[in-house]
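Descriptive analysis of the structure
Here's the letter readout for the chains.
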Amino acid sequence: MWALILFSLLLGCLFLYLAVRSFLRRQEWRNAVRLNARVAEVQYREVRRKGNIIDDGRSSAVVTLRFFYEGREWTEQKEYQGIVGTPTCGQTVPICLNQGNRTWAPWREVRSYWGLLLALSVLCLQITAALLIDGRGILAALSDFQVESPNLPGSLFLAMIGAILAACAYACVWGLLPSAVRPILAPICWAVKDALGRLEPVEARCEGVICRETGDDDVSYYPLFSALEGGRIVRWYSGDSVSRKKYRAGEEYTLYRDRNTGTYTLAPTPSDVVRIPFSLIPLGFGLMLFLALAVSSAGMLYLAACGLLRV
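Residues numbered from 1 in each chain as written. Predicted model: local features only at pLDDT ≥ 70, side-chain atom pairs only at ≥ 80, totals over all residues. Heavy atoms only, no water.

Closest axis-to-axis distance for the helix α1 (residues 2-27)/helix α3 (residues 114-143) pair is 8 Å, and the angle between their directions is 155°. Viewed along their axes, α1 and α3 adopt a mutual orientation that is roughly antiparallel. Seen along the crossing, α1 lies across α3 with a hand that is left-handed. For the contact of α1 with α3, the class distribution of residues is 20 nonpolar, five polar and no charged. (Axes fitted to C-alpha atoms, helices over the stretch in contact; angles between N-to-C directions. Helix = DSSP H or I, 4+ residues; strand = E, 2+ residues; numbered from the N terminus. Parallel < 35°, antiparallel > 145°, perpendicular 65-115°, else oblique. Left-handed = near helix turned anticlockwise from the far one by under 90°. Nonpolar A, V, L, I, M, F, W, Y, C, P; charged D, E, K, R; others polar.)

Let's shift gears to unusual backbone geometry. Excluding glycine, a negative phi dihedral is what most residues carry, and trans is how most peptide bonds are arranged. Look at E70: it is not a glycine, yet its phi comes out positive at around 55°. Along the chain, E70 turns up in the loop between β2 (53-69) and β3 (72-81).

The biggest cluster of nonpolar side chains holds 38 residues, and the ones touching the most others in it are L65, I95, L97, I210 and F225. Of all hydrophobic cores here, the second largest spans five residues; its members include A180, I184, I276 and L283. (Core = buried A, V, L, I, M, F, W, Y, C linked by side-chain atoms within 4.5 Å. Buried < 20%, exposed > 50% of the residue type's maximum accessible area, 1.4 Å probe, protein only.)

The subject of this paragraph is the pairing of strand β1 (residues 32-50). Here seven bridges tie β1 to strand β4 (residues 92-98), and the two strands are oriented antiparallel to one another. Opposite A37, over in β4, you have V93 as the bridge partner. In the sheet, β1 pairs with β2 via ten bridges, with the strands oriented antiparallel. Note on β2: the bridge partner recorded for V42 is V63. Remark: two residues form the turn of the hairpin made by β1 and β2, two consecutive strands paired antiparallel; G51 in that turn has positive phi of roughly 60°. (Pairing = 2+ DSSP bridges.)

What follows is about a nonpolar patch on the surface. Judged by side-chain polarity, L6, L9, L10, L16, V20, F23, L24, W114, L118, V122 and L125 come together as a nonpolar surface patch covering roughly 880 Å² of accessible area. Among the elements of the structure, α1 and α3 are those that each provide at least two residues to the nonpolar patch. Here the nonpolar patch gets seven residues from one element, more than from any other, and that element is α1. Mapped onto the elements of the fold, L9 is located in helix α1. (Patch = residues over 30% accessible without salt bridge, like charges linked within 9 Å, V, L, I, M, F, W, Y side chains within 5 Å. Areas by Shrake-Rupley, 256 points an atom, 1.4 Å probe, with all protein chains shown as cover. Salt bridge = Lys/Arg side-chain N within 4 Å of Asp/Glu carboxyl O.)

Below, the discussion takes up the packing of aromatic side chains. One pass over the full model with this rule turns up nine aromatic pairs. When the ring of Y170 is compared with that of W174, the centres are 6.3 Å apart and the planes differ by 55°; the resulting orientation is tilted. With Y170 and W174 both in helix α4 (residues 152-195) and four residues apart, this pair spans about one turn of that helix. Looking at W174, the relative accessible area reads 61%, which means it is exposed. What links up through ring pairs into an aromatic cluster is the set F225, W236, Y247 and Y253. It is R72 that lies over the ring of W74; its NZ or CZ is 4.2 Å from the centre. Note that K78 overlies the ring of Y80, its terminal NZ or CZ placed 5.5 Å from the centroid. (Phe/Tyr/Trp six-rings, centres within 6.5 Å; stacked < 30°, edge-to-face > 60°. Lys NZ or Arg CZ within 6 Å of the ring centre and 35° of its normal.)

The next point concerns the packing of α3 against α4. Axis separation between α3 and α4 bottoms out at 11 Å; the angle between their running directions is 130°. When the axes of α3 and α4 are compared, the pair comes out oblique. Two packed elements cross with a definite hand, and for α3 against α4 that hand is left-handed. Of the residues in α4, those in contact with L123, I127, I138, A141 and L142 of α3 are P153, G154, F157 and M160. Partitioning the contact of α3 with α4 into residue classes produces eight nonpolar, one polar and no charged. (Contact = heavy atoms within 4.5 Å.)

Glancing now at the pattern of salt bridges. Enumeration over the complete set of coordinates arrives at 13 salt bridges. Residues R48 and E46 are paired through a salt bridge, measuring 4.0 Å at the closest nitrogen-oxygen approach. Measuring nitrogen to oxygen at the nearest pair gives 3.4 Å for the salt bridge that ties K193 to D258. Here D258 lies in strand β9 (residues 252-258) and K193 lies in helix α4, a separation of 65 residues in the sequence. By relative accessible area, which is 29% here, K193 ends up partly exposed. Residues joined in a network through salt bridges with shared partners are E46, R48, E207 and R235.

Right, dumping it as structure tokens:
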């Protein structure tokens, strides 16, 4: 019992601390405006291991962003640690511009979840208070809870579980499903753009492969290219991991530049097209997981609402 109370208290204090930090961070950007900046140039400072292998962990990228505000063109730079996951040429990056001191930051660094963190803190502290007041009675009420004869602690517990499942379903939509849909839509989108004449072939040279380690045995490779555009050298890496030996340093390959956005891409290979039916398997798993979480959440919240009304 006391271990549960202490754990709930520590968790509530932790969420409260994070909520305060997030709120103070958000207040610094209270008067900021959200804009879309275009990546005009990227400089990669790669550190090579050996030969054509680039160490992503020790490399960095300096991204030059351009955007317009109040009739003025702004040009700003930001340095990122690592190369994989950084913005590429032509990409649009949401940013926040502070109108007071004219400072800026990417939107994902400014985005705040202090409201959610505060709600979690209040929930944990309320659970702590309830357990301190009548912990044994609450646990007994939970064990005696039945749908036919609901009680207040059981109904509130169902509501809490339903809210957690709803948050998990939301995270599944924005975190899991996009990565499952991308292998299916990428070749189709490329074919549509090519049919509309939006893609311009550009000859590029492979400069090596970027090695990214995310675990002891989890190693991914991403090719890095350089091409000539408007009299200047443009460097671009593919965000899709490939086999280490698929692209060889020094050899020429064809990239495709979007005439509207300026972004680069590689043509889908026959294996990419063949993998589309197999990509339906993880997509189906993601959809089933989402439906299971959503239906379970709806059921828990419905039973909780019915129980609270009857109580």
